[in-house]
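Breakdown of the fold
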Amino acid sequence: MSHISCYAALSAKSLLSPYKIDRRKIGANDVEIAIDFCGVCHTDLHYIKNDWGITHYPVVPGHEIVGKVTSLGKEVKNLKIGQRVAAGYIGNSCQTCSSCRAGFEQYCLKGFSTIFNSPTKDLGGFAYGGYSKSIVVDDHYVLTVPNGLDPAGTAPLLCAGITTYSPLKNWGIKPGMTVGIIGLGGLGHMGVKLSHAMGAKTVMITTSINKAVDAIKLGADEVLISTDSGLMKAMANQFDFLLNTIPGPHDYNHYMGLLKVDGTMCIVGSIGPTAELNTEHLVYGRRRIAGSLVGGIKETQEMLYFCAKHQIIAEIEIIKMDEINQAYERMLKNDVKYRF
Ligand SMILES: NC(=O)c1ccc[n+]([C@@H]2O[C@H](COP(=O)([O-])OP(=O)(O)OC[C@H]3O[C@@H](n4cnc5c(N)ncnc54)[C@H](OP(=O)(O)O)[C@@H]3O)[C@@H](O)[C@H]2O)c1
Ligand SMILES: [Zn+2]
Ligand SMILES: [Zn+2]
């Protein structure tokens, strides 16, 4: 046990500030990771502000973690000291229910533990995340980082990458399909890269005309400005799949007409109640609305190999920990290119 430096928010009203935490002593199946980089996801900000009413303070966010193994429990056989590893949103799950056995720990029927903010055996009772010097993670939830992937650019793959990869994979995205990625932020920019790599015609659907050039550079075949009703109409019935990363409640009906018959819009951005849904678009066109949460551990590892094969990492702006509060201000102003 030692006092570990981290950044914490002490209440919904406070900024992040330096703080000290203790981690649990490593158990037989634990891995201690010295953290080199941690991505800044919009979810971290939702937790700090207690947007979902579930935050336990002090909260140490951070769930896009890349670092090196510094200590291993005696039962951990597949990792080595000094190895480059990663950890994401899922910190624990029952490992016995049908979801866990199928490799979808995020849908654990007993409820999975997030890497931060969930009750744990850690000292303090609640897990602290990756905005810290080190972390202790059960080995089942530790990913290996393939050689050749830049560690800083890899960190955002652990949430933004897997949250977009998992639904694209689940809905069988492949050449011949047209995919729309809604919102060009942390998740959206990974969604464009991954959909493009899977061979689909990929359209960036954005409110920001000034991001159009970037969208094409990231791999979009076309850009659709969603605030232009004429353009939206012209693209009606064109899409097999829409991945919606918008971070708050909004009018889903606005996008549903873009889908072909049998098309699906998958929500990954906003979690919670939203404006009323007009079922007209569902009924006239057998369209569907679905949701998806991060991804399982096995598919996260698969996603990392996919990214290594296709040379995909996140577009990042590296900041120091003491710049985190300005980074959140910029995130709220939609001024991130495209992950801190
Ligand atoms: N389901 C999951 O497992 C999961 C995992 C990670 C994150 N999330 C959630 O996903 C959301 C996005 O996270 P992120 O880190 O990608 O956020 P982000 O970097 O802030 O990007 C969000 C993007 O959405 C667009 N946008 C923002 N407000 C909008 C509005 N009112 N109407 C239309 N478009 C809007 C903007 O893109 P344009 O400028 O291009 O319009 C913005 O860049 C957050 O709510 C986060 O909590 C969910
Ligand atoms: Zn389970
Ligand atoms: Zn996230």
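Quick note: structure is the one above.
Below is a short write-up of the structure. (Residues numbered from 1 in each chain as written. Chains lettered and ligands numbered in written order. Predicted model: local features only at pLDDT ≥ 70, side-chain atom pairs only at ≥ 80, totals over all residues.)

1. Considering the nonpolar core
Counting 98 residues, the largest nonpolar core has Ile 33, Val 60, Ile 65, Ala 87, Met 204, Leu 242 and Leu 243 as its most contacted members. Aside from chain neighbours lying at most four places away, what touches Ala 87 is Ile 33, Ile 65, Ile 115, Ile 135, Val 137, Tyr 141, Val 142, Leu 143 and Leu 158. (Core = buried A, V, L, I, M, F, W, Y, C linked by C-beta atoms within 7 Å. Buried ≥ 20, exposed ≤ 12 C-beta atoms within 10 Å, placed from the backbone. Contact = placed C-beta atoms within 7 Å.)

2. Considerations on the pairing of strand S14 (residues 259-267)
Inspection of the sheet shows strand S13 (residues 239-244) paired to S14 by 5 bridges, in the parallel sense. In the strand pairing of S14, Phe 239 is matched with Leu 259. When S14 meets strand S15 (residues 288-291), the two strands line up parallel, connected through 4 bridges. Among the inter-strand pairings, Met 265 is bridged to a residue of S15, identified as Ile 289. (Pairing = 2+ DSSP bridges. Helix = DSSP H or I, 4+ residues; strand = E, 2+ residues; numbered from the N terminus.)

3. Looking at the site of ligand 1
Every one of the 30 residues lining ligand 1 counts as a neighbour, but His 42, Gly 183, Gly 185, Thr 206 and Pro 247 are closest to it. Of all the secondary structure elements, the ones that give two or more residues to the shell around ligand 1 are helix H1 (42-48) and helix H5 (186-197). When the residues that make up the shell around ligand 1 are grouped by side-chain class, the tally is 11 nonpolar, 18 polar and 1 charged. Shared between two domains, the shell around ligand 1 takes at least three residues from each, and those domains are domain 1 (4-158 + 315-332) and domain 2 (160-291). (Near = placed C-beta within 6 Å. Nonpolar A, V, L, I, M, F, W, Y, C, P; charged D, E, K, R; others polar. Domains from an automatic or database assignment.)

4. Regarding the sheet that holds strand S3 (residues 30-38)
Strand order in the open sheet formed by 5 strands is S8-S3-S4-S5-S9, with antiparallel pairing between adjacent strands. Each edge of the open sheet is held by one strand with a lone partner, namely strand S8 (134-138) and strand S9 (143-144). Bridge count between strand S5 (residues 84-87) and S9: 2 bridges; the pairing is antiparallel. In the strand pairing of S9, Val 85 is matched with Thr 144.

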